Amino acid sequence: MTYQKDNGIYYTPKLLADFLAKKVISAKKNKRSLRILEPSSGDGVFVNALIDNIDSKSSIFIDVVEKRKKEIRKLQKKFLNQSGISFYSEDYLEFHNTNNNKYDIIIGNPPYIHAKNISDRQKKLSEELHAELCLKSSIKNIWTFFLLSAITKLTEDGVLCFVLPAEILQVDYTKSIRELLKSNFDLISIYTFKELIFQGIEQDAIVILAEKQSETHGIRFLEYANLDSLAAEKAIARNVVLKNGFPKWSNYYLNEKELKILSELREHFKPISHFSTSQVGIVTGANRYFILNEEHIAKFSMQNACVPILQKGGDFPKGLVFRKSDFQTIKTKNFPCYLVHPEKTENFISKYPEYIEWCLGDAVDQRYKCKKRTPWYQTPSVWSTEMFFFKRTHRLPKFVINKASVNVTDCAYRVTPNSGFKTSGIIYSFYNSLSLIYAEILGRFYGGGVLELTPSEFRNIPLPYVDVPYSKIVELDKQMRNGDTEAIIKLLDYEILHKKYLIPLETINELQKIREKMILRRLKKN
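Keep in mind that what you see is a predicted model, and the values were worked out from it rather than measured.

Draft legend 1. A look at the sheet that holds strand 13 (residues 321-322). Spatially, 10-19-15-17-13 is the arrangement adopted by the five strands of the open sheet, whose pairing is mixed. At either end of the open sheet lies a strand with only one pairing partner, and these are strand 10 (276-280) and strand 13. Of the strand pairs in this sheet, strand 15 (residues 387-390) and strand 17 (residues 399-402) are connected by three bridges, and their pairing is antiparallel. Paired with methionine 387 across the two strands is isoleucine 401, which belongs to strand 17.

And the structure:
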């Protein structure tokens, strides 16, 4: 399974392959001879589906590319008596450069390989293709190469059909790819699912079926409950309108009325960056060795060489104020919560030889981050702020006042109020439906429903600022610790949006419905 994970291999369900094969063949029904490319064939499920669903009066010629020789041999044996199939046992990135054919249909499920697992050669080839298409050359994942390559290899009336990670709809690094798709295809159909279609992985998946020539123009979204409803053609929602002003395609489930409300309201409020400055939390390079629990502190006698730190958002599940008593709770549970901070101690190496020996024994000094700094055991940028915002959350984003003056790792952003604004006002003003909706719109989510906001996405959330005393936050903190989060949001919707900014109650009610719809969509719940 590790090999499959590292190489982004997730086999396509037969039900899905059959459905998509029928769709692409139907899109080319007027053409009797089809040249087809499957650039990442795996177990050959798409090849099989194409053969099973082609009209007996039509002929197909399929180029099948698969890097693993063992899989190619299986496919050659499986389709021994099938004419019109050519097999290529090579890396598709190399095939792209050596093969100049144009295809009527390109179909497949490209591998999902993170940049850290891409070879230098693959990275170079990917960067060259991105540059050729005038796109940013920063490579995050290898699937983008397959998609860009397919765009260049289609005939003038070709059809592209790929199973892709849902991040194509929402992350910043695919924005230029979305624009390229829009400019190259008349019609783009996007199939989404309420249930995960690949079990056992956190990555949500969608299908893009793009036609270079079509009587219908635009982008349409078809949402299905699961693969069974897909096969039965039971779409839950259809939308043929691309939402202007919302660059991410992941907001397709909002209707025109909802988008109009959000666009108009956003114009009235400044972003969080107007009220505060934020930076990423501390990056140690090896948390296991630089963030210690009480047991390790005692073992190495390092009580005077550490500072308190919050390592994970899950260590503080509820609340708007992080107090010393909260840190004490984490400490009592023996969670790692002390950051090794050599700047506090002179002659650090000679004072703590057992700790240094432990680190060197596991070659911590050779870790990537450690090798780049001097000395290797000194974590840089150690300072705390008055607030922190956890970049990943589940149902509700967590924006917290730091009364314990603890440090935070890069699980959070360190936030400082700008001149003229208060921490209590910023935190109070964040927990309203409008700001929380924009956290959903600007962020991205993964298969498990986790919401993540990058630093720029966090800074762009609109904030209807209200100046309030700290005592207000204390009251709300007590409510939140009791689990009354939705009651808090409704209260602040009324106090901030209605009383302060005169937004009608009817509009606020719409905002509350929009937010709930977005959360349920992210969490994959009906």
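Still more to cover.
Draft legend 2. Broad picture of the packing of helix 21 (residues 470-481) against helix 22 (residues 485-500). With their axes 8 Å apart at the nearest point, helix 21 and helix 22 run at an angle of 145 degrees to one another. Across from Leu476, Gln479 and Met480 in helix 21, the residues of helix 22 making contact are Thr485, Ala487, Ile488, Leu491 and Leu492. Across the contact of helix 21 with helix 22, the residue classes tally to six nonpolar, two polar and no charged.

Draft legend 3. Expanded view of the sheet that holds strand 18 (residues 407-408). Strand order across the open sheet formed by four strands is 11-14-12-18, with mixed pairing between neighbours. Of all the strands in the sheet, just strand 11 (291-292) and strand 18 have a single pairing partner and so form its edges. Direction of pairing for strand 11 relative to strand 14 (residues 338-340): antiparallel, over a ladder of two bridges. Across the sheet, leucine 292 pairs through a bridge with tyrosine 338, a residue of strand 14.

Draft legend 4. Up close: the pairing of strand 8 (residues 218-224). By the criterion of burial, strand 8 is predominantly enclosed, with five of the seven residues buried. Examined bridge by bridge, strand 6 (residues 187-193) and strand 8 share seven bridges and lie parallel to one another. Paired with tyrosine 191 across the two strands is leucine 222, which belongs to strand 8.

Draft legend 5. Spatial organisation of the packing of aromatic side chains. This model, assessed by the stated rule, comprises 31 aromatic pairs. Between the aromatic rings of phenylalanine 399 and phenylalanine 430, the centroid separation amounts to 5.4 Å while the plane-to-plane angle is 90 degrees, which identifies the pairing as edge-to-face. Of this pair, phenylalanine 399 sits in strand 17 while phenylalanine 430 sits in helix 18 (residues 423-430), placing them 31 residues apart in sequence. The burial state of phenylalanine 399 is the same as that of phenylalanine 430; both residues are buried. Residues tyrosine 413 and phenylalanine 458 carry aromatic rings whose centres are separated by 6.0 Å and whose planes lie at 35 degrees to one another, so their mutual orientation is tilted. Of this pair, tyrosine 413 sits in strand 19 (residues 412-417) while phenylalanine 458 sits in helix 20 (residues 455-459), and the two are 45 residues apart along the sequence. Among the aromatic residues, ring-to-ring pairing joins Tyr289, Phe300, Phe348, Tyr352, Tyr355, Trp358, Trp376 and Tyr377 into one connected group. One cation-aromatic arrangement involves lysine 403 over tyrosine 470; the distance from NZ or CZ to the ring centre is 4.5 Å.

Cut-offs and rules
- Residues numbered from 1 in each chain as written.
- Predicted model: local features only at pLDDT ≥ 70, side-chain atom pairs only at ≥ 80, totals over all residues.
- Heavy atoms only, no water.
- Pairing = 2+ DSSP bridges.
- Helix = DSSP H or I, 4+ residues; strand = E, 2+ residues; numbered from the N terminus.
- Axes fitted to C-alpha atoms, helices over the stretch in contact; angles between N-to-C directions.
- Contact = heavy atoms within 4.5 Å.
- Nonpolar A, V, L, I, M, F, W, Y, C, P; charged D, E, K, R; others polar.
- Buried < 20%, exposed > 50% of the residue type's maximum accessible area, 1.4 Å probe, protein only.
- Phe/Tyr/Trp six-rings, centres within 6.5 Å; stacked < 30°, edge-to-face > 60°.
- Lys NZ or Arg CZ within 6 Å of the ring centre and 35° of its normal.

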